[in-house]
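Single-letter residue listing:
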Amino acid sequence: MKEQESSAPESAESIKQLFQKNVVPSYVRFDLVLVRGKGSYVWDINGKRYLDMGGGIAVCSLGHSSPDITKALTQQSKTLVHVSNIYYHPWQGRLAEQLSGLIGPGKMFFSNSGAEANEGLYKLARKFGHDEGRFEVITALNSFHGRTLAGIAATGQDKVKKGFEPIMPGFRYIPYNDLEAAKAAISPATAAILIEGVQGEGGVTPATPEYLLGLRKLCDEKHLLLMMDSVQCGYFRTGKFLSYQRILEGVPGGESFTPDAVSMAKSLAGGIPMGAFWVRQPYGDLFTPGTHATTFGGTPLACAVALKVLEVVQRDHLVENVREQGAHIKSELERMSRKHPNVIRAVRGLGFMIGFEIADGIQAFEGKAPGPQFVNRMHEAGLLAIPSGTHVVRLLPALNLRPREAAQGLKIIESIVSELAS
Ligand SMILES: *Cc1c(COP(=O)(O)O)cnc(C)c1O
């Protein structure tokens, strides 16, 4: 251990070098070193301020350094941080009750990440179908379900599987929003269908109401579990607790739609790692004692913070904020797209999950993937957003983004669009 290396004055260069030497290079990282945050702003090591409309990829639901989260964290850390799941504690049951109250009669299991929450769903499907020899889970092309071995098997994108073969068996892929394809894919081995309500990594594509209602009917007829990966699109981001609730709002038959299982993570505890899945009764009792477990899941600290996030979402009317501002941001982007279709080809999404697709052929991008290139321009102008695939830029801001912050972000985007168009 070379002492002077870790105590050397920190510069962007030295921090990047520490990563290059010591951290597995599995990420394509942007050239940004972030050191602190407040609300929807973060600062880099040189003191430059950025408006964060990426929210840590849909994680920081109350923004950065939220005083509410700080208070919940400090209070809980003085009371009880961790006890094993072989004991009871007051916070987990309370959180489970509140979350089920937002979905439907069912039971919760708490984990630490989205991939791990989804693992629970694959295991649920297998347990459910086991006695009939059914095990297969149908998922969608362009989906994303996490980076564990089963997660990359479930994900309908070849790029996450490459180099990790043999891929775990038991998954079958169908085009998204295509009900006929779902019908055709069902085999005697099928146990479940798993989809995202809004595909996130796949380019911000919402499910259609007909697709959701059709899948529900199909799963009922064929006795399959309908499972929703709500890791990114859940947690009020679309202007309802879960995205299917938003998509089916006002749609005949929509109010009685309930999936059989839902996975969550990202925003659940506003930045404290936490995942969870909900299972509709009676299937919530399929995981009998000894069949599923985790050390850290549902720890008092994470549960206390998640309870606080729920409280603040209500107290500060954040659902209304997401709906109003989300609609405004989307309509402004659509206006830019109509004006400059050669830069913004399409706009999609709901609430604070908005994607805009950058066109091919933008000269300044010299044939490189336009999504990340556009994001680089945003960074230069002091705005953070998240690329999705090669062409889409995602806005996933904190649920408490203020109107003037949204206006500032839109102004930056518009100036980049105008510059690229000319
Ligand atoms: C991020 C994400 C995951 C994986 O979550 P991790 O916490 O990174 O394991 C799974 N599904 C969807 C839809 C996601 O967006």
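Conventions adopted
Every residue gets a number counted from 1 within its own chain, in the order that chain's sequence is written. Local features are withheld for residues below a pLDDT of 70 in this predicted model, meaning they are given only at 70 or higher, and side-chain atom pairs are given and counted only at 80 or more; totals for whole chains, interfaces and linings count all residues. Note that the side-chain values use all heavy atoms of the structure and ignore hydrogens as well as water. The numbering of helices and of strands both runs from the N terminus, where a helix is a DSSP run of H or I of at least 4 residues and a strand a run of E of at least 2. The globule rule used here is 2.2 Å times the number of residues to the 0.38 power, and the radius of gyration it is set against is calculated over C-alpha atoms. The classification of residues rests on relative accessible area computed with a 1.4 Å probe and restricted to protein chains. Under 20% of the type maximum is buried, over 50% is exposed, and intermediate values are partly exposed. Contacts are residue-level and defined by heavy atoms, with any inter-residue pair within 4.5 Å sufficient. Reported accessibility uses the Shrake-Rupley method at a 1.4 Å probe radius. Residues are deemed covered only where the shown protein chains occlude them. His residues and chain termini do not enter the charge count, which takes Lys and Arg as positive and Asp and Glu as negative. Just so you know, the charge point we use is NZ for Lys, CZ for Arg, CG for Asp and CD for Glu. In this analysis, rings of Phe, Tyr and Trp, with Trp reduced to its six-membered ring, are considered paired at centre separations within 6.5 Å, and the interplanar angle assigns stacked below 30 degrees, edge-to-face beyond 60, and tilted for intermediate values. In this scheme, the term charge over a ring applies when either NZ of a lysine or CZ of an arginine sits within 6 Å of the ring centre and within 35 degrees of the ring normal. Segment limits for the domains were obtained from an automatic or database-derived domain assignment. A simple way to read buried area is as the amount of 1.4 Å-probe accessible surface that goes missing from two parts once joined, with both sides added.

Participant: I keep staring at the overall build of the protein chain and nothing clicks. Help me out?
Facilitator: Along the backbone of the protein chain there are 14 helices and 17 strands. For a compact globule of 422 residues, the expected C-alpha radius of gyration is about 22 Å, and the protein chain comes in at 22 Å, within 12% of that figure. Expressed as lengths along the three principal axes of its C-alpha atoms, the size of the protein chain is roughly 60 × 50 × 45 Å. Among the 422 residues that make up the protein chain, the fraction classed as buried is 53%. Sequence-distant contacts, at least 24 apart, represent 70% of the contacts inside the protein chain between residues at least 6 apart. Roughly 19500 Å² of accessible area belongs to the protein chain as shown, and the carbon and sulfur atoms make up 55% of that amount. One way to put it: in the protein chain the 45 positive side-chain charges average out to a point 2 Å from where the 41 negative ones average out.

Participant: Before we go on, may I ask you to explain the packing of aromatic side chains in this structure?
Facilitator: The geometry of an aromatic ring pair comes down to the distance between the two centres and the angle between the two planes. As enumerated under the stated definition, the model contains ten aromatic pairs in all. Each ring, one from Y122 and one from F171, has its centre 5.2 Å from the other, and the planes form 85°; the classification is edge-to-face. One end of the pair, Y122, is in helix α6 (residues 114-129); the other, F171, is in strand β6 (residues 171-174), and 49 residues separate them in sequence. For the pair Y122 and F171, one class covers both residues: buried. Summarising the aromatic geometry, the rings of Y244 and F257 are spaced 5.1 Å apart at their centres and angled 55° between planes, so their arrangement reads as tilted. A residue pair is termed long-range when its members are at least 10 positions apart, and Y244 in helix α10 (residues 243-247) and F257 in the loop between α10 and β11 (261-264) qualify at 13 residues. F257 shares its class with Y244; the two are buried. One aromatic cluster is present, built from ring pairs that chain together F109, F277 and F287. In this structure, R36 is placed above the aromatic ring of W43, and the distance from its NZ or CZ to the ring centre is 4.1 Å.

Participant: Sorry if this is basic, but what is going on with the domain arrangement of the protein chain here?
Facilitator: Accessible area lost upon the coming together of the parts is a frequently used measure of interface size. One can read the domain layout of the protein chain as domain 1 (12-65 + 317-421) and domain 2 (68-315). Its C-alpha centre places domain 1 at a distance of 26 Å from the equivalent point of domain 2. Each partner contributes to the interface: domain 1 provides 27 residues, whereas domain 2 provides 32 residues. Summing both partners gives a buried area of about 2400 Å² for domain 1 against domain 2, and 60% of it is carried by carbon and sulfur.

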